[in-house]
Amino acid sequence: DRFAYCYTDGAEGDFDFLTYNSSTGVAITTEVGIDATMLPQVTQMSSNILDCATINDTKIAMVWIRSQTGAGTTANVTFSMRTNAGALPTGITNRQLDSSISETSHVAVSALENATIAVVWYNSLGQNLSLHLRNANNYLPIANISIDTAVGTSSRIATTALTNGS
């Protein structure tokens, strides 16, 4: 079995990705740079916020807050899908989901059984929670939904897939 490991690297100022063999603990890939401008070394809470989820044995979904440049500036929520080697699949680009968030925002992602990716984020600037659904097979958006438009100035989120057992 393999697993993906996504992390911010304050020394390099970026967001990186690796895959490991879970039986041996040995890295399958070398460090792959996902976003060289994430700036995790900036002393803002959201500068180190990211999440990744396995879609299937060949794809991984990732979401992160990028481009914090200094106290009081806005940033954005960025989503991407990568191969298990860290490369962008053919025809796929990073997608900006929210262009104006602030220092205490948060993100999370889950891969669902029906090849759907669920990305949720808390925007402390707009004081709202949002959901973005995207098809993992063709990368087309399915829906953008406001979950809560008055959540306040401090929140954290998480998302997980539920099994399709009825």
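Below is a summary of the structure that appears in this document.

Definitions and limits used
Residues numbered from 1 in each chain as written. Predicted model: local features only at pLDDT ≥ 70, side-chain atom pairs only at ≥ 80, totals over all residues. Heavy atoms only, no water. Pairing = 2+ DSSP bridges. Helix = DSSP H or I, 4+ residues; strand = E, 2+ residues; numbered from the N terminus. Axes fitted to C-alpha atoms, helices over the stretch in contact; angles between N-to-C directions. Buried < 20%, exposed > 50% of the residue type's maximum accessible area, 1.4 Å probe, protein only. Contact = heavy atoms within 4.5 Å. Core = buried A, V, L, I, M, F, W, Y, C linked by side-chain atoms within 4.5 Å. Polar contact = N/O pair within 3.5 Å; in protein donor to acceptor, adjacent residues only side chain to side chain.

1. Overview of the sheet that holds strand β4 (residues 50-54)
In step 1: Spatial ordering of the open sheet is given by β4-β5-β6-β7, a layout of four strands whose pairing is antiparallel. Where the open sheet ends on each side, the last strands, each with one partner, are β4 and β7 (95-101). Between one strand axis and the next, the sheet turns through 15 degrees on average, direction left out of account.

2. Concerning the environment of Tyr-7
In step 1: With respect to the secondary-structure elements, Tyr-7 resides in strand β1 (residues 2-9).
In step 2: Look at Tyr-7 and you get buried, because its relative accessible area is 17%.
In step 3: For the pair Tyr-7 and Ile-34, spaced 27 residues apart in the sequence, the C-alpha separation amounts to 9.7 Å.
In step 4: The contact partners of Tyr-7, leaving out residues within four places of it in the chain, are Asp-14, Phe-15, Asp-16, Phe-17, Leu-18, Glu-31 and Leu-50.

3. Quick notes on the environment of Trp-64
In step 1: With respect to the element layout, Trp-64 can be found in strand β5 (residues 59-66).
In step 2: Sequence-wise, Trp-64 and Thr-78 are 14 residues apart; in three dimensions their C-alpha atoms are separated by 5.4 Å.

4. Topic: the nonpolar core
In step 1: The biggest cluster of nonpolar side chains holds 22 residues, and the ones touching the most others in it are Ile-117 and Val-119.
In step 2: At the level of secondary structure, the elements contributing two or more residues to this core comprise β5, β6 (75-83), β7, β8 (106-111) and β9 (116-123).
In step 3: Among the elements that make up this core, the one with the highest residue count is β6 (four residues).
In step 4: Among all residues touching Val-119, those that are not within four sequence positions of it are Val-63, Phe-79, Leu-97, Ala-108, Val-109, Ser-130, Leu-131 and His-132.
In step 5: By size, the runner-up hydrophobic cluster in this structure holds ten residues, among which are Phe-15, Phe-17, Ile-34 and Met-38.

5. Here's the deal with the side chain of Thr-116
In step 1: For Thr-116, the position within the fold is in strand β9.
In step 2: Among the polar contacts made by the side chain of Thr-116, one reaches the side chain of Asn-114 at a distance of 2.9 Å.

6. Details of the sheet that holds strand β3 (residues 32-35)
In step 1: Taken together, the three strands give an open sheet; going across it, the order is β1-β2-β3, and neighbouring strands pair in antiparallel fashion. The two strands at the open ends of the sheet, each matched to only one other strand, are β1 and β3. The sheet shows a mean angle of 30 degrees between the axes of neighbouring strands, direction not considered.
In step 2: Across three bridges, strand β2 (residues 14-21) lies against β3 in antiparallel orientation. Among the inter-strand pairings, Phe-17 is bridged to a residue of β3, identified as Val-32.

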